[in-house]
Amino acid sequence: MGLVPFLDLASVAVFALTGALVASRAQLDVVGFIFVAALTALGGGTLRDVMLGREPVWIGQPLLLLVAAVAAVVVFFGAHRLESRYKALEWLDAFALAVAVPAGVGVAFAEGLGWPVVLVMGMVTGCMGGLMRDVVCNEVPLVLKQGELYVTCAFLGALVAVVLVALGMPAGVALAFCAGVVMVLRAGSLALGWRLPVYRARAPRAETRKRD
Amino acid sequence: MGLVPFLDLASVAVFALTGALVASRAQLDVVGFIFVAALTALGGGTLRDVMLGREPVWIGQPLLLLVAAVAAVVVFFGAHRLESRYKALEWLDAFALAVAVPAGVGVAFAEGLGWPVVLVMGMVTGCMGGLMRDVVCNEVPLVLKQGELYVTCAFLGALVAVVLVALGMPAGVALAFCAGVVMVLRAGSLALGWRLPVYRARAPRAETRKRD
Amino acid sequence: MGLVPFLDLASVAVFALTGALVASRAQLDVVGFIFVAALTALGGGTLRDVMLGREPVWIGQPLLLLVAAVAAVVVFFGAHRLESRYKALEWLDAFALAVAVPAGVGVAFAEGLGWPVVLVMGMVTGCMGGLMRDVVCNEVPLVLKQGELYVTCAFLGALVAVVLVALGMPAGVALAFCAGVVMVLRAGSLALGWRLPVYRARAPRAETRKRD
């Protein structure tokens, strides 16, 4: 199994778990769990593939659908054992982001796209599945939560991969660095409160008064 | 007219009515009605076609756009005659689901796809248009309403079609069974309260105490 | 630079500003600004291109991504100078709509599509980016705001272009008229309160009483 297919599989499994956790917060039945899990797990990659004119991966590899369904069923029957489903959701989502971003970047490298498009594909694959999950289930999108790094992690991770490949590093190694950067930044944001300054409407600057 | 084009046409007309009813709840003007009606009526099938690399049906058959627009105008001028617009919405939506799921399944059969992808295409065609309608208009998605069968109806209907075709039944007949199963299950959920058990967070199991 | 590429570029720049203004209302960080700006700026055109089986424009012209990012950064550092960010948002959005609709119509003309599909492509390109922005950021979609012309402006502008071309006018001139119609109608709605009658649930008609 090549690196990108493996990353795809891993991100499908972990994003499916997060989708099912959100479904548990919405108290759906088991088919609802599978629906949200599959949407989350496959949404980002499907969007990437459709924009690139490729067939969505899961059409050729229906195993991915099965993986998402199994993850949903596991959560349906097992989530009550978690102490905090929301904390589990955040950390699983962080891990899924850290594998999905390099998966998107890897596909874009393989298609020979320019670096700005590579960055976008990394961000789309990493962020859009979770965004669909949150929009559909009416949660505040994790992607846009104030005072946390999220899109930023995806962006910087993809940027690191682009730079390393430009410096001559093999793509596989660069993707591993990409995953590491995403995970470290997101973990730092969750555990240590790392963040960028957010926009705050400031009062218009007072005019400089001249002493007369 | 073949069976799948007919199912597409029927689901467009009925989903357009449901879109227009939601637009009436949002008090839009007549162009807003047409917009929401067309989004609802064509959203699921368009998503199916884009994922399969096909041209969305309505590009080749703009008649479908006209049908959606006419349905929207009819509702704009006629909805006040309904006793309960929400009840009408639910039942029309059930009927649309029952024709859209076999339409999606039929297209997937015609493309010669494997059964897991057939299931997904039935669910996407049936559920995603209504989901887009509800997300855009800020309604609680019918798809995810607690304590009702919805995605489950689509799933089981598609499953019945797949099983019957695998047993050697002609696709056309299997699609009719599919429509029937979806309609009966959804009607049973609406009228009789049929449902699957939903997820409930349970307290962590008390540890088994050993007598000492 | 042809007319349609120019319209695409202009609508990207202006829609990106509106996306960034919405991001400022959600108090995101600068990467969040870029994310929402790019989604808004490129969402409608990307959807149009995907439905037409074309490669999204920004894949071939990553300059558009840069334009969106620059617009986002400008707003991040400059928005506090605006007296009313919401007013700026509405008017920039109106201007973006007035360039995006003809961009969509122009692409559909170039593809030789029938007039109903041309109308849809104009409306999709004009309205869907802003709709994605509002859905993702949990704002009431401008597209669906009660008592305002919005989709209607896009629809009538596209209709004018279709009619003028059918009457033999060169496409470029027709697109200019299209832009003008959209801008005038939207401005009239914002500044002067122009609107269409909205749907209101009326009580069932009282039965005609016969004097006895």
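Numbering of residues starts from 1 in every chain and runs along the sequence as written. The naming scheme follows written order: chains are lettered A onward, ligands numbered 1 onward. Given that the model is predicted, a residue must reach a pLDDT of at least 70 before its local features are reported, and side-chain atom pairs must reach 80 or more before they are shown or counted; all residues, however, enter totals for whole chains, interfaces and linings. With hydrogens and water stripped out, all remaining heavy atoms of the structure feed into the side-chain values.

## Side note on the overall build of chain A
- In terms of regular secondary structure, chain A is built from eight helices and zero strands.
- Taken from N to C terminus, the helices and strands of chain A fall in the order α-α-α-α-α-α-α-α.
- Across its three principal axes, chain A shows a C-alpha extent of roughly 80 × 45 × 30 Å.
- Buried means the residue's accessible area, taken with a 1.4 Å probe over protein chains only, is under 20% of the maximum for its type, while exposed means over 50%, and partly exposed covers the values in between. Here chain A holds 212 residues, and 56% of them are scored as buried.
- Residue-level accessible areas treat just the shown protein chains as cover; the underlying method is Shrake-Rupley with a 1.4 Å probe. About 9000 Å² of surface is accessible on chain A, with carbon and sulfur atoms providing 65% of the total. Put simply, DSSP H or I for four residues or longer makes a helix, DSSP E for two residues or longer makes a strand, and each gets a number counted from the N terminus.

## A look at the relation of the copies chain C and chain B
- Copies overlap after least-squares fitting; the atoms used are the C-alpha atoms of residues with pLDDT of at least 70 in both. The operation relating chain C to chain B is a screw motion whose rotation component is 120°, with 0.0 Å of axial translation and a residual RMSD of 0.0 Å. Put plainly, the chains are arranged around a three-fold axis.
- Contacts between residues were defined by any pair of non-hydrogen atoms, one from each residue, lying within 4.5 Å. Here only 7% of the contact residues of chain C are again contact residues in chain B; the copies associate through non-equivalent surfaces.

## Concerning the UniProt feature "transmembrane region" (unreviewed entry) in chain A
All names here are of chain A.
- The feature "transmembrane region" (unreviewed entry), as given by UniProt, occupies residues 6–23, 30–47, 59–79, 91–109, 115–136, 148–167 and 173–194 in the numbering adopted here.
- Strand forms 0% of residues 6–23 and helix 100%; the C-alpha atoms that close the span are 26 Å apart.
- Between the end C-alpha atoms of residues 30–47 the distance is 25 Å, and the span holds 100% helix and 0% strand. UniProt positions are given in the numbering used here, feature names are shortened, and annotations may be inferred rather than shown by experiment.

## Considering the side chain of Asp 29 of chain B
- Summarising the element assignment, Asp 29 of chain B is placed in the loop between helix 1 (3–25) and helix 2 (30–51).
- Within this scheme the basic residues Lys and Arg register as positive and the acidic residues Asp and Glu register as negative, but His and the chain ends are omitted. Salt bridges are defined as contacts in which a side-chain nitrogen from Lys or Arg sits within 4 Å of a carboxyl oxygen from Asp or Glu. Buried charge without a partner: Asp 29 of chain B forms no salt bridge, and the closest opposite charge is Arg 195 of chain C, 8.5 Å away.
- Distance and chemistry together define a polar contact, namely a pair of N or O atoms within 3.5 Å, with one atom able to donate a hydrogen and the other to accept it when in protein, and with adjacent residues in sequence counting only for side-chain atoms on both sides. A distance of 3.1 Å separates the side chain of Asp 29 of chain B from the backbone nitrogen of Val 31 of chain B, its partner in a polar contact.
- Those residues in contact with Asp 29 of chain B that lie beyond four places of it in its chain are Phe 76 of chain B together with Glu 148, Leu 149, Thr 152, Leu 196, Pro 197 and Val 198 of chain C.

## Here's the deal with the interface of chain C and chain B
- At the junction of the two partners, chain C supplies 29 residues and chain B supplies 28 residues.
- We define buried area as the total accessible area lost by two parts upon association, computed with a 1.4 Å probe and summed across both. Between chain C and chain B lies a buried interface of about 2400 Å² when both sides are counted; carbon and sulfur atoms form 72% of it.
- On inspection of chain C and its partner chain B, the count reaches zero salt bridges.
- Inspection of the chain C/chain B interface yields two residue pairs in polar contact (both at pLDDT 80 or more).
- Counting residues per element, the ones that place at least two in the side of chain C that touches chain B are helix 2 (30–51), helix 6 (115–136) and helix 7 (151–166) of chain C.
- At eight residues, helix 6 of chain C tops the list of elements feeding residues into the side of chain C that touches chain B.

## Describing helix 8 (residues 171–192) of chain B
- Each helix should span, by expectation, one fewer than its residue count multiplied by 1.5 Å. When the terminal C-alpha atoms of helix 8 of chain B are compared, their 30 Å separation across 22 residues agrees well with the 32 Å that a helix rising 1.5 Å per residue should span.
- After helix 8 of chain B finishes, the residue Gly 193 of chain B shows a positive phi value of roughly 75°.

## Re helix 6 of chain C
Residues and elements named next belong to chain C.
- The terminal C-alpha atoms of helix 6 lie 31 Å apart, and with 22 residues this matches the ideal 32 Å at 1.5 Å per residue to within 8%.
- With respect to burial, helix 6 is a largely interior element, 20 of its 22 residues being buried.
- Immediately beyond the C-terminal end of helix 6, within one or two residues, lies Asn 138, with a positive phi of roughly 65°.

## Re the relation of the copies chain B and chain A
- In the superposition of chain B on chain A (RMSD 0.0 Å, axial shift 0.0 Å), the rotation amounts to 120°.
- A share of only 7% of the interface residues of chain B reappears at the interface of chain A, consistent with the copies meeting through non-equivalent patches.

## Some remarks on the interface of chain B and chain A
- The interface of chain B with chain A comprises 29 residues on the first partner and 28 residues on the second.
- Across the interface of chain B and chain A, roughly 2500 Å² is buried in total on both sides, 71% from carbon and sulfur atoms.
- Where chain B touches chain A, the interface holds zero salt bridges.
- In this assembly, chain B and chain A are joined by two residue pairs in polar contact (both at pLDDT 80 or more).

## A closer look at the UniProt feature "domain: Glycine transporter" (unreviewed entry) in chain A
All names here are of chain A.
- Residues annotated in UniProt with the feature "domain: Glycine transporter" (unreviewed entry) correspond here to residues 6–78 and 91–164.
- Structurally, residues 6–78 comprises 85% helix and 0% strand, and the distance from its first C-alpha atom to its last is 25 Å.
- Between the C-alpha atoms that bound residues 91–164 the distance is 27 Å, and the span itself is 76% helix and 0% strand.

## Side note on the environment of Val 74 of chain C
- Relative to the elements of secondary structure, Val 74 of chain C occurs in helix 4 (residues 63–78).
- Linking Val 74 of chain C and Glu 111 of chain C, residues 37 residues apart in sequence, is a C-alpha distance of 35 Å.

## Here we look at the pattern of salt bridges
- The tally for this structure, following the rule as stated, stands at 30 salt bridges over all chains.
- Taken together, the shared-partner salt bridges in this structure form one network comprising Asp 8, Arg 48, Asp 49, Arg 54 and Glu 111 of chain A.

## As for the packing of helix 7 of chain C against helix 8 (residues 171–192) of chain C
Residue and element names in this part refer to chain C.
- With their axes 8 Å apart at the nearest point, helix 7 and helix 8 run at an angle of 155° to one another. Considering their axes alone, helix 7 and helix 8 lie roughly antiparallel with respect to each other. Helix-helix and strand crossings are classified by hand; for helix 7 and helix 8 the assignment is right-handed. Together, Cys 153, Ala 154, Leu 156, Gly 157, Ala 158, Val 160, Ala 161, Leu 164 and Val 165 of helix 7 and Ala 171, Ala 174, Phe 177, Cys 178, Val 181, Val 182, Leu 185 and Arg 186 of helix 8 make up the contact between the two elements. Comment: axis = line fitted to C-alpha atoms, over the contacting stretch for helices; angle = value between 0 and 180 degrees taken between N-to-C directions. Should an angle fall under 35 degrees it is called roughly parallel, over 145 degrees roughly antiparallel, and 65 to 115 degrees roughly perpendicular, with every other angle called oblique. Left-handed describes a crossing whose near helix is turned anticlockwise from the far helix by less than a right angle; the clockwise case is right-handed.

## Observations regarding the nonpolar core
- Buried residues of nine kinds, namely Ala, Val, Leu, Ile, Met, Phe, Trp, Tyr and Cys, make up a nonpolar core once their side-chain atoms join them within 4.5 Å. In terms of nonpolar packing, the biggest core is built from 221 residues, with Trp 58 of chain A, Trp 58 of chain B together with Trp 58 of chain C touching the most fellow members.
- Those residues in contact with Trp 58 of chain A that sit more than four places away from it in its chain are Leu 42, Thr 46, Leu 64 and Leu 65 of chain A together with Met 51, Val 117, Val 120 and Met 121 of chain B.

## Considering the environment of Trp 115 of chain B
All names here are of chain B.
- Tracing the chain through its elements places Trp 115 in helix 6 (residues 115–136).
- Among the residues examined, Trp 115 registers a relative accessible area of 55% and is labelled exposed.
- When the C-alpha positions of Trp 115 and Gln 61 are compared, they lie 28 Å apart, and in sequence the two are 54 residues distant.

## Some words on a nonpolar patch on the surface
- Patch definition: residues above 30% relative accessible area lacking any salt bridge, with like charges linked at up to 9 Å and the nonpolar side chains Val, Leu, Ile, Met, Phe, Trp and Tyr linked at up to 5 Å. On the surface, a nonpolar cluster with roughly 370 Å² of combined accessible area is contributed by Leu 63, Leu 66, Val 70 and Val 74 of chain A.
- Examined against the element boundaries, Leu 63 of chain A turns out to sit in helix 4 (residues 63–78).

## As for the state of the cysteines
- Only a pair of cysteine sulfur atoms within 2.5 Å counts as a disulfide in this structure description. Inspection of every chain in the model, using the stated rule, returns zero disulfides over all chains.
- No disulfide involves Cys 153 of chain A; its sulfur sits 8.6 Å from that of Cys 127 of chain A, the nearest cysteine.

## Here's the deal with unusual backbone geometry
Residue and element names in this part refer to chain C.
- One non-glycine residue, Gln 27, adopts positive backbone phi at about 55°.
- Following the sequence through the fold, Gln 27 ends up in the loop between helix 1 (3–25) and helix 2.
- You can call Gln 27 partly exposed: its relative accessible area is 25%.

## Concerning the confidence of the model for chain A
All names here are of chain A.
- Per-residue confidence from the predictor is reported as pLDDT, a score between 0 and 100. When pLDDT is averaged across chain A, the result is 90; 94% of the residues are at 70 or more.
- Confidence, expressed as mean pLDDT per element, reaches its minimum in chain A at helix 1 (residues 3–25) with 90 and its maximum at helix 7 (residues 151–166) with 96.
- Below pLDDT 50 for its whole length, residues 203–212 participates in one contact with residues either more than four positions away or in separate chains.

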